[in-house]
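Now for the letters of each chain:
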Amino acid sequence: MKYRQEHDSLGSVDVPEAALYGAQTQRALNNFPISGLIMPVEFIRALGLLKAACAKVSGETGAIPAEIAAAIVTAATEIAEGRHYEAFGIDVFQTGSGTSTNMNANEVIAHLAGAASGLAIHPNDHVNYGQSSNDVIPSCIHLSAALAVEQTLLPALAHLQQTISTKAETVGGIVKTGRTHLMDAMPVTLAQELGGWAQQIAYARSRISESMCRLRQLAIGGTAVGTGVNAPQGFADRVVVELRRATGVEWQVADNYFQALSAQDAALELSGHLKNLATTLTKISNDLRWMNSGPLAGLAEIQLPALQPGSSIMPGKVNPVIPEAVAMAAAQVTGNDATITMAAQSGNFQLNVMLPVIAYNLLQSLQIMASSSVVLADKAIAGFTVNTDHIEQALRRNPILVTALNERIGYEQGAAIAKQAFKEQRPVIDVACELTDISREELEQLLDPARLTGV
């Protein structure tokens, strides 16, 4: 490989000749060969958006020459479009402020802008003008996460909720055995059961949406410690306006820069809601797995779509692979939240020093929750079929139906009927006819499973 010499304040560094970055990026690549994990493309695109907005404002105000600003805007926009991602290879586990990633962007944008314009463009003096890594990186955490929520997660959750509701309309009238403690309980309809799932997703959407007002606040303008040193008067307000134009999202300048730089409360809040969503998806996935269990020795209430062979040794076996995959994704999000919680505690004085790992885990959680929601909707819930005959047989044998007779015969006699019905594997109604003076006609009304659902 051929190299060129680049320099920074520490001296010269050998950089691959074709690399778009410079000395500080190369130092970071050399210093942090830790995990092979790199900052997500959504975060790098947010960096491009922010750098373009800052350069546009700086050019319009004369803080940097207009032709240099225009070249930076063009190059940064390419980054915002997802181009040149291969130039951003610094490990997530790096300097806690994310300075290495900020300088990576500054150097790549300066290189692209200089090559296209023929101008001498400096990564610090021009691309990073009016900024610090300490306000850029927190801003990009909020930018990238909020855009992922608005553009990907919330639509995915709306789709999942609608899919559940549509399925409930199709199969909702079917009455089945309810279960508490995994044991037979009073009857419910599938509409009631699925309606509970749909409401959980609705609440998840609401919680996440309500947190966006804090995530849309950006730290830009706070610069090094929150005092705004070297950022011109009104700089942040104009940058936010540019970002609104570019994204259609109502970004705001942070209410308090000292909070915005030193704390990651909004990211932690969102992560907590994602953990809550992960718990919801786990509940739904586990319900589906139990309902699908069998086909002979399990509940066998439903049959999930057969997507792939389930065993390398047992022919004909088909497993509930989608609910399993979603449950694993939910476990990852729960772990990510623990990491983000610990990282959010590292807001030492005027700066949080675990910003890159917060960004990485938060964006991963957003991505896999959105994807899991769509997959669960399309490949499990939309296509399952109901084994109505099996459900009806189990319901008729359910001794808990005797609960409906409590007001007429009391708890003790009801328990005796239930025990005898279960012991003799007979319907409750037959045993109740023998042990009470209630007519069979009235018993049929009292023990009607559909009536007992309250519908």
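Structure's up top.
Draft legend 1. View of the side chain of Ser133. On the secondary structure map, Ser133 appears in helix α6 (residues 133–171). If sequence neighbours within four positions are ignored, Ser133 has contacts with Ser97, Thr99, Asn102 and Pro138.

Draft legend 2. Representation of unusual backbone geometry in the model. Between Gly294 and the following residue, Pro295, the backbone shows a cis peptide bond with an omega angle of 10°. With respect to the helices, strands and loops of the structure, Pro295 is situated in the loop between α10 (265–292) and β7 (302–303). Of note in this structure, His84 is not a glycine but carries a positive phi near 65°. Summarising the element assignment, His84 is placed in the loop between α3 (66–80) and α4 (99–117). Even without glycine at this site, Phe349 takes up a positive phi of about 55°. Within the secondary structure layout, Phe349 lies in the loop between β8 (347–348) and β9 (351–352). Residue Phe349 is classed as exposed on the basis of its relative accessible area of 74%.

Draft legend 3. Up close: the packing of helix α2 (residues 41–61) against α6. Following both chains from N to C, one finds α2 and α6 inclined at 115°, their axes separated by 8 Å at the closest point. Here α2 and α6 pass one another in a crossing that is right-handed. Within the contact between the two elements, α2 uses Glu42, Phe43, Ala46, Leu47, Leu49, Leu50 and Lys51 and α6 uses Val136, Ile137, Ser139, Cys140, Ile141, Leu143, Ser144 and Leu147. Residue composition of the contact of α2 with α6, by class: 11 nonpolar, 2 polar and 2 charged.

Draft legend 4. Expanded view of the nonpolar core. Ranked by internal contacts, the top residues of the largest apolar core, which has 118 residues, are Phe43, Ile208, Leu270, Leu288, Leu366 and Leu376. Looking at this core, the element that brings in the most residues is α6, giving 18 residues. Residues in contact with Phe43, not counting those within four places in the same chain, are Thr101, Ile137, Cys140, Ile141, Ser144, Ala359 and Leu363. Grouped together as the second largest cluster of nonpolar side chains are 16 residues, Val402, Ala418, Ala421 and Val431 included.

Draft legend 5. Spotlight on a nonpolar patch on the surface. Taken together, the side chains of Ile34, Leu37 and Phe93 make up a nonpolar region of the molecular surface, amounting to roughly 260 Å² of accessible area. A relative accessible area of 38% places Phe93 in the partly exposed class.

Draft legend 6. Summary view of helix α1 (residues 23–31). Taken together, the buried positions of α1 are Ala23, Thr25, Gln26 and Ala28. In this structure, the buried residues of α1 make contact with β1 (3–8), β2 (11–16) and α4.

Draft legend 7. Spatial organisation of the side chain of Glu301. In this structure, Glu301 sits in the loop between α10 and β7. Taking relative accessible area as the criterion, Glu301 reaches 4% and is therefore assigned buried. Sequence-distant contacts of Glu301, defined by excluding residues within four places in its chain, comprise Lys176, Thr177, Arg179, Met291, Thr385, Val386, Asn387 and Ile391.

Reading the values: rules and limits
- Residues numbered from 1 in each chain as written.
- Predicted model: local features only at pLDDT ≥ 70, side-chain atom pairs only at ≥ 80, totals over all residues.
- Heavy atoms only, no water.
- Helix = DSSP H or I, 4+ residues; strand = E, 2+ residues; numbered from the N terminus.
- Contact = heavy atoms within 4.5 Å.
- Buried < 20%, exposed > 50% of the residue type's maximum accessible area, 1.4 Å probe, protein only.
- Axes fitted to C-alpha atoms, helices over the stretch in contact; angles between N-to-C directions.
- Left-handed = near helix turned anticlockwise from the far one by under 90°.
- Nonpolar A, V, L, I, M, F, W, Y, C, P; charged D, E, K, R; others polar.
- Core = buried A, V, L, I, M, F, W, Y, C linked by side-chain atoms within 4.5 Å.
- Patch = residues over 30% accessible without salt bridge, like charges linked within 9 Å, V, L, I, M, F, W, Y side chains within 5 Å.
- Areas by Shrake-Rupley, 256 points an atom, 1.4 Å probe, with all protein chains shown as cover.
- Salt bridge = Lys/Arg side-chain N within 4 Å of Asp/Glu carboxyl O.

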